[in-house]
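A closer look at the structure
Okay, here's what each chain looks like letter by letter:
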Amino acid sequence: MDQSAGQAVTAIENDRRDAEPTPDIEPIVHRAPGRLVLARGIFTGPAPKISDELYAVVKGKSHRERMSLRLEKGAHAHTNTYFGRFAASYWQRWTTVTEVEVSLRVAVGDRARVRLAASDIAGHRRIIDSADVDSDGVVVLRAPLDQYVDGGSLWLEFDAVGGELAISELAWTAPAPERIRPVAIAICTFNRAEDCAHTIAALASDGEVLNALDRVYVVDQGTDLVSDRELFQQTEPRFGDKLRYIRQPNLGGAGGFTRGLYEVSAEDSFSGAEHADVILMDDDILCEPETVLRLNAFANLTVEPTLVGAQMLFLLNPDYLNVGAEEVHLHELRHGQKVPKALRNTSMLKRNQERRVDAGYNAWWTCLIPAEVIARIGLPMPIFFQWDDVEYGVRAREAGFVTVTLPNAAVWHADFYWKDFDDWARYFSMRNSLIVSSIHADLDPKAVTRKLFREIAEYLVGMQYGLAHTTLQGIEDFLQGPKVLADGGIDALAAARTSRGDYGETKKHPAATAPVRQSDIQMRRAGGEPSRPLLVLVKRAIAQWTGRTQHGVVGVTREDAHWWHLALFDHVVVTDASQSGVRIRQRDKEKARALLLRTWRVLRRLRRDLPKVSGQYRAAQSDLISRENWARLYGI
């Protein structure tokens, strides 16, 4: 993750609440209770910046605590909210649960009413069960899961009719399976020590979640060590002997997360017990501990072993959902593609995901991997980062294991919107998209090279010479074959970072002191997107080549920084996506000429050699993902 995004995360993380006191940790015994808790009633979030209305909406006077809600006379509340809903459609489609119970302890001043409500794919409300209560005790409502295949959820509604109503110990439950699957968490971190310490503290703050975990692996690949943080040192004893802190060289997200899978699947990891499912979790998230409980409960009740992923909410805009469900288009070298009907970039205070949408894979900000998947398909590819989670999800599906991205289970992660596309990470995105797609799809060399030429041409007319270079570097290294993965990406990372220094527009400058005369900058807004973009691309390329562009220094906002707009000029100050500075693009015909010639040569070779190189990666995959190869990379 880039530095600006990390700063944004830290700014939010500094507002987190102190960890709640944690009760003594009970020994883990994998014996199923009579009923399994699928989700709990949570009424306020893990940090002050998180809106309480993501958990429950109240009209009237009330008092909230994390696990309880008190309504004064006449007040009304409902949990038809992001974290308050129960995703009935997903539970009916993927699990053995046929009926769900929701129980809660109530204390009433006089009369109160509790309703269990449901929705369908259109969001229409209906009442499933209800109870009028006039004395303290436990209320239990039930709902069969028999009308939700394509969509719909359940939630509760409360009315404090005649006096005060206090609600606590709210839990959605179902008959427990014969055994409860052990589960571990693996957190990969690289120089996000403070953020990682907060994530670990969040897990320790919830006694029920902590008791459900067998192990927590913290894989530290950085130089700013998590173990040096005071918060980590204070939190570590709460885990007892569950916490494993591991240091290793920086092998990217792939190397860090794989270390967790490697350790969990080792023969002696759990003293002879069955191997655990593993929840992979980013270091720089704002963690909702309840999400861990929900993912684990779902995985315990699926008909077949299933990868269960959390959704991603924006960290800087925490009521907005970034990822509802994603899929990959291998033939187009595209991942992170929105599944039709899934919500994206949507306020969860205003909308809910009513339809069930089926994911192709789930990224590893938080995702549960069943032990059977690790045993069947092996470990991830050593491709450093970018596409490692995609490849593993695709490989799992090919082996018969589906992925479910579970609504109402999420973490907050640094917004992708604030990361500039023109970054060294493009190297790994380009190289790894070719590696993964060539292994799992029969790529058409003509279609692939045509697509890549179009993209690089857009970079060149937009004066993004460094981005064109980084993209070509990724293609060139792909063509080296599997040997490029021999060190897990350490050399590739260094080369991708340093070689961009030759291109001035890759450098970020403070807006107020950028190396241009501020009085010379004239802002230019973009018009509408062209209806015939290929024709416009040709026209812009000719204009850039011949110098028939508008001269002088032009300022362009991030939202207007489209290639077809920037190509009209020859000297542009563009706002960086992080909003922390600007980049300066300037027409350079010689660089454009050299990169165009390089593009032609590289893509000609790619068209010729793609089938052969694809075969090499396929043949080498079993060795690349082997425990022996990863042990070599880890030096163990």
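Predicted model only: the values in this text are computed from it and were never measured. (Residues numbered from 1 in each chain as written. Predicted model: local features only at pLDDT ≥ 70, side-chain atom pairs only at ≥ 80, totals over all residues. Heavy atoms only, no water.)

Digging into the overall build of the protein
A tally of regular secondary structure across the protein gives 17 helices and 26 strands. A compact globule built from 636 residues would reach a C-alpha radius of gyration of about 26 Å, and the protein, at 26 Å, matches this within 12%. Taking the principal axes of its C-alpha atoms as reference, the protein extends roughly 85 × 55 × 50 Å. The proportion of buried residues among the 636 residues of the protein is 60%. (Helix = DSSP H or I, 4+ residues; strand = E, 2+ residues; numbered from the N terminus. Rg over C-alpha atoms; globule rule 2.2 N^0.38 Å. Buried < 20%, exposed > 50% of the residue type's maximum accessible area, 1.4 Å probe, protein only.)

Comments concerning the sheet that holds strand β25 (residues 571-575)
Strand order in the open sheet formed by four strands is β23-β24-β25-β26, and the pairing between neighbours is mixed. Every interior strand has two partners, whereas the edge strands, β23 (522-523) and β26 (582-586), have only one. Sheet topology note: the β25/β26 ladder contains five bridges and is antiparallel. Paired with Val572 across the strands is Arg585, a residue of β26. (Pairing = 2+ DSSP bridges.)

Things to note about helix α10 (residues 425-440)
The terminal C-alpha atoms of α10, which comprises 16 residues, lie 22 Å apart, in line with the 22 Å expected from a rise of 1.5 Å per residue. With 16 of 16 residues buried, α10 is to be regarded as a mostly interior element. (Expected span 1.5 Å × (residues − 1).)

With respect to the sheet that holds strand β7 (residues 112-118)
A sheet is described by the order of its strands in space; here five strands give the open sequence β2-β5-β10-β7-β8, paired in antiparallel fashion. Two strands in the sheet have a free side with no partner beyond their single neighbour: β2 (57-59) and β8 (126-133). Strand-to-strand twist of the sheet, defined as the mean angle between neighbouring strand axes without regard to direction, takes the value 15°. For β7 and β8, the ladder comprises seven bridges, and the chain directions are antiparallel. Of the residues in β8, the one forming a bridge with Ala117 is Ile127. (Axes fitted to C-alpha atoms, helices over the stretch in contact; angles between N-to-C directions.)

Focus on the environment of Asp214
Mapped onto the elements, Asp214 comes out in the loop between α4 (207-212) and β13 (215-220). Separated by 32 residues in the primary sequence, Asp214 and Pro182 have C-alpha atoms spaced 6.3 Å apart.

Brief notes about the packing of helix α11 (residues 445-461) against helix α16 (residues 589-624)
Each pair of packed helices gets described by two things: the angle between the helix axes and the distance between those axes. Contact geometry for α11 and α16: axes closest at 9 Å, N-to-C directions at 165°. One element, α11, and the other, α16, form an angle in the roughly antiparallel class. Note that α11 runs across α16; the crossing there is right-handed. Contact residues: Pro445, Lys446, Val448, Thr449, Leu452, Phe453, Ile456 and Leu460 in α11; Ala592, Leu595, Leu596, Thr599, Leu603, Leu606, Arg607, Leu610 and Pro611 in α16. (Parallel < 35°, antiparallel > 145°, perpendicular 65-115°, else oblique. Left-handed = near helix turned anticlockwise from the far one by under 90°. Contact = heavy atoms within 4.5 Å.)

Side note on α11
Counted at 1.5 Å a residue, the expected span for α11 with its 17 residues is 24 Å, and the 24 Å between its end C-alpha atoms agrees. Counting buried residues along α11, twelve of its 17 residues qualify, which places the element largely inside the surrounding structure. The set of residues buried in α11 consists of Pro445, Val448, Thr449, Lys451, Leu452, Glu455, Ile456, Ala457, Glu458, Tyr459, Leu460 and Val461. In this structure Asp444 caps α11, since a side-chain oxygen of it lies 3.0 Å from the backbone nitrogen of Lys446. Taken from the residues just after α11, Met463 is the one with a positive phi, measuring 60°. (Polar contact = N/O pair within 3.5 Å; in protein donor to acceptor, adjacent residues only side chain to side chain.)

Some thoughts on the confidence of the model for the protein
Atom-level detail of predicted coordinates should not be read off regions where pLDDT is low. Here the protein averages 92 in pLDDT, and 94% of its residues register 70 or above. Within the model, the stretch residues 1-31 combines pLDDT values under 50 with 79 contacts to residues more than four positions away or in other chains. (pLDDT = per-residue confidence, 0-100.)

Examining the pattern of salt bridges
Scanning the model with the defined rule gives 37 salt bridges in all. Salt-bridge contacts for Asp206 lead to Arg40; the nearest nitrogen and oxygen are separated by 2.6 Å. In this pair, Asp206 sits in the loop between α3 (193-204) and α4 while Arg40 sits in strand β1 (residues 35-40), placing the two residues 166 residues apart along the sequence. Accessibility expressed as a relative area gives 9% for Asp206, which makes it buried. Given the relative accessible area of 6%, Arg40 is considered buried. Its salt-bridge partner being Arg517, residue Asp520 comes within 3.1 Å of it at the nearest N-O pair. Overall, the relative accessible area of 56% leaves Arg517 in the exposed class. (Salt bridge = Lys/Arg side-chain N within 4 Å of Asp/Glu carboxyl O.)

Concerning the pairing of strand β16 (residues 307-314)
The buried fraction of β16 is high, at eight of eight residues. Both β16 and strand β22 (residues 403-413) contribute to a ladder of eight bridges, which runs parallel. Within β22, the residue paired with Met312 across the bridge is Val411. The sheet contact formed by β16 and strand β21 (residues 366-369) spans two bridges and is antiparallel. Residue pairing for β21: Gly309 is matched across the bridge by Cys367. Strand direction decides the pairing type here: β16 and strand β17 (residues 320-323), joined by two bridges, are antiparallel.

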